[in-house]
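Residue strings, one per chain:
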Amino acid sequence: MPIWAAFQQFGVAGPIVANKIEANWDVDINLIDLQLGRNFWSSKYLALRPFMGIRVARLDQTYTICSKGGSFNYSKKSDTSATNQETKLQNVYQGAGLMAGLDSTWNLGCGWGIYGNMAPSLVYGSFDNKHKEYTRPATGGSSAKDDYIDIKETIKVSRAMLDLGLGLQWMGMVCECKYGVRVALG
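The structure contained in this document is the topic of the report that follows. (Residues numbered from 1 in each chain as written. Predicted model: local features only at pLDDT ≥ 70, side-chain atom pairs only at ≥ 80, totals over all residues. Heavy atoms only, no water.)

Here we look at the overall build of the protein chain
Keep this limit in mind: Under the DSSP-based scheme used, a helix requires at least four consecutive residues in state H or I and a strand at least two consecutive residues in state E, with every element numbered from the N terminus. Note on classification: 1.4 Å probe, protein chains only; a residue is buried when its accessible area is under 20% of the maximum for its type, exposed when over 50%, partly exposed between these limits. Residue contacts are defined here by distance: any two heavy atoms, one from each residue, within 4.5 Å place the two residues in contact. To measure how exposed things are, a 1.4 Å probe is used in the Shrake-Rupley method; for residues, cover is taken only from the protein chains shown.
Within the protein chain one finds zero helices and seven strands. Secondary structure elements of the protein chain, listed N to C terminal, follow the sequence β-β-β-β-β-β-β. Every one of the 186 residues in the protein chain was classed for burial, and the buried ones make up 31%. Once local pairs closer than 6 in sequence are excluded, the contacts in the protein chain between residues at least 24 apart make up 67%. As presented, the protein chain carries roughly 12,300 Å² of accessible surface, and 59% of it is formed by carbon and sulfur atoms.

Here it is as structure tokens:
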């Protein structure tokens, strides 16, 4: 039984059943951080890097649910033939704000170390939300669709973000000590 379909809101009698339901969630997270910070040694084994900066964020999510076959019947239609129903939920967040943080490295020797990083940020922006639902005949090869929900809204909001990192790293110098190399697993 499809729980995302809005058919029940249109007064459809009886249960709505699908033969097959497929869902896909697509998430794109794009972050740009501009930081100003300074590395310093707190002790022989501990290096710290406090920083502050600006974060620009864009998060794009799409959740699509396709219910195929079954007993979908939009109340304005007189026929009861099987249909395919698709629900598409989209949400795009775009914003910018301030961030601050602390990167730390505990040096173990021979270039090896354990790193721990933390960076909270507060971003102000807008959510653009879309909700679409439509049906198509399950048989007959027709591509005609019947839209019954198409909602769009925009909400302005602040969001807190927290970046955390913990792992093992190796740092060393190459090319006659001209370049530094860092390899991390976290």
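On we go.
A few points about the environment of G180
Assignment of secondary structure puts G180 in strand β7 (residues 179-185). Excluding residues that lie within four positions of it along the chain, G180 makes contacts with G172 and M173.

Here we look at a positive patch on the surface
Going by this rule: Patch definition: residues above 30% relative accessible area lacking any salt bridge, with like charges linked at up to 9 Å and the nonpolar side chains Val, Leu, Ile, Met, Phe, Trp and Tyr linked at up to 5 Å. A carboxyl oxygen of Asp or Glu within 4 Å of a side-chain nitrogen of Lys or Arg is what we treat as a salt bridge. Positive charges are assigned to Lys and Arg, negative charges to Asp and Glu, while His and the chain termini are left out of the count. To locate a charge, the coordinates of NZ of Lys, CZ of Arg, CG of Asp or CD of Glu are taken.
On the surface, K88, K130, K132, R136, K145 and K152 cluster together to form a positively charged patch. The greatest single-element share of the positive patch, amounting to three residues, is contributed by strand β5 (residues 112-137). For K88, the position within the fold is in strand β4 (residues 83-109).

Examining the packing of aromatic side chains
Where we set the bar: Stacked, tilted and edge-to-face pairs are distinguished by plane angle, under 30 degrees for stacked and over 60 for edge-to-face with tilted covering the rest, among Phe, Tyr and Trp rings (Trp via its six-membered ring) whose centres lie within 6.5 Å.
Under the counting rule described, the total for this entry stands at one aromatic pair. For the ring pair Y93 and F127, a centre distance of 4.7 Å and an interplane angle of 45 degrees mean the geometry is tilted. Within this pair, whereas Y93 is found in strand β4, its partner F127 is found in strand β5, the two being separated by 34 residues in sequence. With respect to class, Y93 is no different from F127; both count as buried.

Some thoughts on the pairing of β5
Here is the rule: A pair of strands is treated as paired once DSSP finds two or more bridges between them.
Pairing analysis gives 24 bridges linking β4 to β5, with the strands arranged antiparallel. By the bridge assignment, G95 is partnered in β5 with G125. Between β4 and β5, which pair antiparallel and follow one another directly, the connecting turn spans two residues, one of which, C110, has a positive phi of 55 degrees. When β5 meets strand β6 (residues 146-174), the two strands line up antiparallel, connected through 24 bridges. Its bridge partner lying in β6, I114 is registered against L168.

Points about the pattern of salt bridges
Taken as a whole and assessed by the stated rule, the structure comprises five salt bridges. Measuring nitrogen to oxygen at the nearest pair gives 3.2 Å for the salt bridge that ties E22 to K20. In this structure, the salt-bridge partner of D33 is R55, at a minimum N-O distance of 2.7 Å. Note that D33 is positioned in strand β1 (residues 20-37) and R55 in strand β3 (residues 46-68), a separation of 22 residues in sequence. One continuous salt-bridge network, built from bridges that share partners, spans D33, R55 and D163.

A short note on a nonpolar patch on the surface
Together, W106, L108, W112, I114, L166 and L168 give the surface a local cluster of nonpolar side chains, amounting to about 640 Å² of exposed area. Elements with a contribution of two residues or more to the nonpolar patch: β4, β5 and β6. Here W112 is to be found in strand β5. A relative accessible area of 43% places W112 in the partly exposed class.

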